[in-house]
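# Chains, contacts and geometry: an overview
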Amino acid sequence: MIAYPLYPMRHVQCLDGLWDFQFLGDCVDLDAIEVGGIRFSDRISVPSAFDAMPAYAGKRGTVAYRTFVASTPGKRGLLRFHGLGMWCRVYSDGKPLYQGAFPYSGFSVELPATAGDRREIVVLIDNRFDFKRVPLQEQFFDFYAYGGIFRSVESMDVPGTYVDRVRVTVEDLAEGRVNLRAFLAGSPWQGDSLLVGFDGAPAEALRFRRMNDGSFLASLKSADRTPWTPENPRLHTVRVSLPGPHGSAVDTVEERFGLRTLKAQKGRVLLNGEPVKLLGYCRHEASMQYGPALPLAQLVQDMQYLKDLGCNFVRGSHYPQDPRWLDLCDECGLLVFEESMGWGQRERHFLDAEFHRQQVEQTRRMVHNSYNHPSVILWGFLNEGQSNHPGSRALYQELAETIRREDSSRLVTYATMFPFDDICLDLVDLISVNQYPGWYAQDREAVRPLGEISPLLDRLTASFRERGLADKPVIVSEMGAGAIYGWRDALSAHWTEDYQSDYLAEACSQIVKRPEYAGISIWQFCDCRTYASSYALGRPRGINDKGTLDEYRRPKMAYRTVRSIFRRSTP
Ligand code: ADA
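Residues numbered from 1 in each chain as written. Predicted model: local features only at pLDDT ≥ 70, side-chain atom pairs only at ≥ 80, totals over all residues. Heavy atoms only, no water.

### Overview of the overall build of the protein chain
To keep things clear, this is the line we draw: Only DSSP runs of H or I covering at least 4 residues are called helices, and only runs of E covering at least 2 are called strands; the numbering of each starts at the N terminus. We take the radius of gyration over the C-alpha atoms and set the globule estimate at 2.2 Å times the residue count to the 0.38 power. Using a 1.4 Å probe on the protein chains alone, a residue whose accessible area is under 20% of its type maximum counts as buried, one over 50% counts as exposed, and one in between counts as partly exposed. Pairs of residues are marked as contacts when any of their non-hydrogen atoms sit within 4.5 Å. The accessible surface values rely on the Shrake-Rupley method and a 1.4 Å probe; as for residues, cover is taken only from the protein chains in view. As used throughout, the charge tally considers Lys and Arg to be positive and Asp and Glu to be negative, leaving His and the chain termini uncounted. By convention, the charge on Lys lies at NZ, on Arg at CZ, on Asp at CG and on Glu at CD.
Counting its secondary structure elements, the protein chain contains 8 helices and 32 strands. Rg of the C-alpha trace for the protein chain: 24 Å, near the compact-globule value of 25 Å for 571 residues, within the 12% margin. A burial count over the protein chain gives 61% of its 571 residues as buried. In the protein chain, the share of contacts with a sequence separation of at least 24, taken over all contacts with a separation of at least 6, comes to 72%. When the accessible surface of the protein chain is totalled, it reaches about 21700 Å², and 50% of it is carbon and sulfur. Treating the 67 positive side-chain charges of the protein chain as one cloud and the 71 negative ones as another, the clouds have centres 2 Å apart.

### What about the sheet that holds strand β9 (residues 118-126)?
How we decide: Two strands qualify as a pair provided that DSSP identifies no fewer than 2 bridges between them. Axis definition: a line fitted to C-alpha atoms, limited for helices to the stretch in contact. Angles are taken between N-to-C directions and run from 0 to 180 degrees.
Reading across the sheet, the 6 strands line up as β3-β2-β4-β9-β6-β7 and stay open at both edges, with antiparallel pairing between neighbours. Edge strands, defined here as strands with exactly one partner in the open sheet, are β3 (42-46) and β7 (95-100). For this sheet the average axis-to-axis angle between neighbouring strands, irrespective of direction, equals 30°. Here strand β6 (residues 87-92) pairs with β9 via 6 bridges, running antiparallel. Across the sheet, residue Val 90 finds its bridge partner in β9, namely Val 123.

### Observations concerning helix α7 (residues 497-513)
Under the convention used in this document: One less than the residue count of a helix, multiplied by 1.5 Å, gives the span that helix is expected to have.
With 17 residues, α7 should reach 24 Å at 1.5 Å per residue; the first-to-last C-alpha distance of 24 Å fits that figure. Glu 497, Asp 498, Tyr 499, Gln 500, Ser 501, Tyr 503, Leu 504, Ala 507, Cys 508, Gln 510 and Ile 511 are the residues of α7 that are buried.

### Some words on the state of the cysteines
Think of a disulfide as a covalent bridge from one cysteine sulfur atom to another cysteine sulfur atom. Put simply, the rule reads: Sulfur atoms of two cysteines make up a disulfide when they are within 2.5 Å.
By the definition in use, this model includes 0 disulfides. In this model Cys 528 remains outside any disulfide bridge; the closest cysteine sulfur is found in Cys 526, 6.4 Å from its own. Residue classification places Cys 528 among the buried positions, given a relative accessible area of 2%.

### A few points about the site of the ligand
Filter applied, for reference: Near residues are defined by distance, with any heavy atom within 4 Å of the molecule or strand qualifying the residue. Nitrogen and oxygen atoms within 3.5 Å of one another constitute a polar contact, given that in protein one can donate a hydrogen and the other can accept it, and given that sequence-neighbouring residues count only through two side-chain atoms. Think of a 1 Å grid over just the protein atoms. A cavity is a set of points where a 1.4 Å probe fits yet cannot get out, a pocket is an open set with protein on both sides within 12 Å along at least five of seven lines, and lining residues have an atom within 4 Å of a point. Whether a molecule sits in a cavity or pocket is decided by its atoms, more than half of which must lie within 2 Å of the grid points. Under the scheme applied, nonpolar residues are Ala, Val, Leu, Ile, Met, Phe, Trp, Tyr, Cys and Pro; charged residues are Asp, Glu, Lys and Arg; polar residues are all the others, including Gly.
By nearness alone, 13 residues border the ligand, and Asp 142, Glu 384, Tyr 440, Glu 478 and Lys 546 come closest of all. Between the ligand and Trp 343, the relevant distance is 2.8 Å, taken from an oxygen atom to a side-chain nitrogen or oxygen of the residue. The side chain of Trp 523 places a nitrogen or oxygen atom 3.4 Å from an oxygen atom of the ligand. With respect to the pocket detection grid, the ligand is positioned in the second largest pocket. Residue classes in the shell around the ligand are distributed as 4 nonpolar, 4 polar and 5 charged.

### Quick word on the environment of Asn 544
Of note, Asn 544 is situated in strand β32 (residues 543-544). Along the backbone, Asn 544 and Cys 526 are 18 residues apart, and their C-alpha atoms lie at a distance of 8.8 Å. For Asn 544, the contacting residues outside a window of four places in its chain are Asp 142, Trp 523, Gln 524, Asp 527, Cys 528, Thr 530 and Arg 539. Engagement of the side chain of Asn 544 in a polar contact is seen with the side chain of Asp 142, the distance being 3.0 Å.

### Considerations on empty space enclosed by the protein
Selection rule: Grid points are joined across faces, edges and corners, and a volume is the space filled by probe spheres set on the points.
As enumerated under the stated definition, the model contains 3 cavities of 30 Å³ or more in all. By volume, the largest cavity is sized at about 60 Å³. What the second largest cavity holds in volume is close to 50 Å³. If you trace the second largest cavity, you find it lined by Tyr 4, Pro 5, Arg 165, Glu 255, Arg 256, Asp 327, Asp 330, Asn 369, Ser 370, Asn 372 and His 373. Residue assignment for the lining of the second largest cavity shows that the elements contributing at least two residues are β18 (249-257), α2 (323-332) and α4 (353-370).

### A look at the pattern of salt bridges
Cut-off, in case you're wondering: When a carboxyl oxygen of Asp or Glu is within 4 Å of a side-chain nitrogen of Lys or Arg, the pair counts as a salt bridge.
Counted by the stated rule, this structure contains 44 salt bridges. In this structure, Asp 126 engages Arg 133 in a salt bridge whose closest nitrogen and oxygen atoms are separated by 3.3 Å. Among the residues examined, Asp 126 registers a relative accessible area of 0% and is labelled buried. According to the relative accessible area criterion, Arg 133 is buried, its value standing at 18%. Bridged by salt links that share partners, the residues Asp 527, Arg 541, Asp 545, Glu 551 and Lys 556 form one connected network.

### Some thoughts on unusual backbone geometry
With an omega of -5°, the peptide bond between Ser 317 and His 318 qualifies as cis. Take His 318: it is sitting in the loop between β23 (313-316) and α2. The omega torsion across Trp 523 and Gln 524 is 0°, close enough to zero to call that bond cis. When you line up the elements, Gln 524 lands in the loop between β30 (519-522) and β31 (528-529). The backbone phi angle of Glu 384 is positive, close to 55°, even though this residue is not glycine. Mapped onto the elements, Glu 384 comes out in the loop between β25 (376-380) and α5 (393-406).

### Quick look at the pairing of strand β17 (residues 236-243)
The element β17 is largely enclosed, with a buried count of 6 among its 8 residues. Strand direction decides the pairing type here: β17 and β18, joined by 8 bridges, are antiparallel. In the sheet register, Pro 243 faces β18, and the bridge partner there is Ala 249. Hairpin connection of β17 to β18: 5 residues between the antiparallel strands, including His 246 at a positive phi of 50°.

### Description of the layout of surface pockets
Computed from the structure, the largest pocket encloses a volume of approximately 600 Å³. Looking at the largest pocket, it is lined by 33 residues, and the ones nearest its centre are Gly 106, Phe 107, Ser 108, His 368 and Asn 369. Contributing elements (two or more residues each) for the lining of the largest pocket: β5 (76-81), β8 (107-111), β11 (161-172), α2 and α4. Here the element with the most residues in the lining of the largest pocket is α4; it accounts for 6 residues. Here the residues of the lining of the largest pocket are counted per class, giving 15 nonpolar, 9 polar and 9 charged. Of the volumes computed, that of the second largest pocket is approximately 360 Å³. Lining the second largest pocket are 17 residues, and of these Trp 343, Glu 384, Met 417, Tyr 436 and Tyr 440 sit closest to its centre.

Right, here's the structure in full:
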């Protein structure tokens, strides 16, 4: 499915459908592959995680996906991938054009002009763990590492110079004034005026200023100044075109955005100047049948559940989000914490130059790709990294700076599991804390240790105050308890739906009533597959069972509990 931005003048083909497929083996030398010699003996859908499909379930190795796309002779093309995993190499007519290992990140590949009217596209995918080749994703992460082209792919022709993206930034909410920053690609452009049309109005020529980084900047007012809010998620579109002769257009991008501002002030998050309490869930893009390749109907179901639960907030744990999901969040008014991929990395990672480089690059791509989604309010990175270690600070600092360089209009954060001795919290606008009092309980002998939650929240607040961090808003970015669907028991022990329900009642009520907390994203929305090795010993069924819904989206007992608390607290 095609998500924003749209390119109405280009011949865009959505390549979702059946592709040729071949499993090449589990010990393939990637540099020795002759793509021309691959015999394709199977067909598979795109999007798909091949290793979630019954014929290849759980396999690790190298696979090839192939399709043919129509092309205009003599014209360059572009492929847009919205997310895949883990490593890939993309070929057009046998030529390797792109190679990368940025799981879940969207990227584009330019295709050289061709004399023919179709191109053969082959995508090699590899899902073997190998820190050297795929430093961003490892086996110890607590969510299953799938392989495949998880999200949609589009192909299109592009003119010599084309409009890649236009970033829209709100300059003055009351006046409806926005900045447009256009990124052109292809051959250099010498002009200074682009054609701009708001909300379907006829386009008019507007002068743009050339910036040092090669982008073009202009400022203008939107006629409709209605702000975007979760209750009234008013969206706008802007079309920006490269002018051709006699007022014609050569290429157009249509971007969608909302008018809203964000600020962190005196421990609160201000949306359009008004304090907002963030109430919601952490959510993996996960399904038992399809892995991360979620059909649109699943996204809509998830949205309906989150809305029904009374949520206004979702944390996209732990990787860049599907643009269709962000489009939906824009439309439905759900506030989003988007983070680049990270999970519990330690000093050895932070000392690795390639790991560092790729973290910075994936974070930059995430901001670039999601820039115009009004739903995204927080940018994050390095979930539960070793942020209490001096050797980590350089990367934390560079990631925060990278985000601010790209976008100073949102709040920067990361989820820390070391809130009491974290040494990087001065770098963020908002503190996000992952803690599991009463689940991974301090007192191993206590039965139903719910009493651990409130004192921990007190200690956190006191500790932030003592360290001069009191002005930063704090959210609980993870807190939760496991429950196996259907397991109800008079003793309400760990793993029962009863204990989870009581646990979330306590956690949510505490956050709702404490003004010193700006919100919570409960761990987690639904159960999802995790380790397939003995790492899973604390994960019954190889599933992370802390969902309020199970892996088939069946609500557990906690569903009603959370719903009644959140519904009373969100407008
Ligand atoms: C961590 C982590 C989550 C999940 C959770 C848990 O906080 O960020 O991805 O693994 O723990 O279930 O224990």
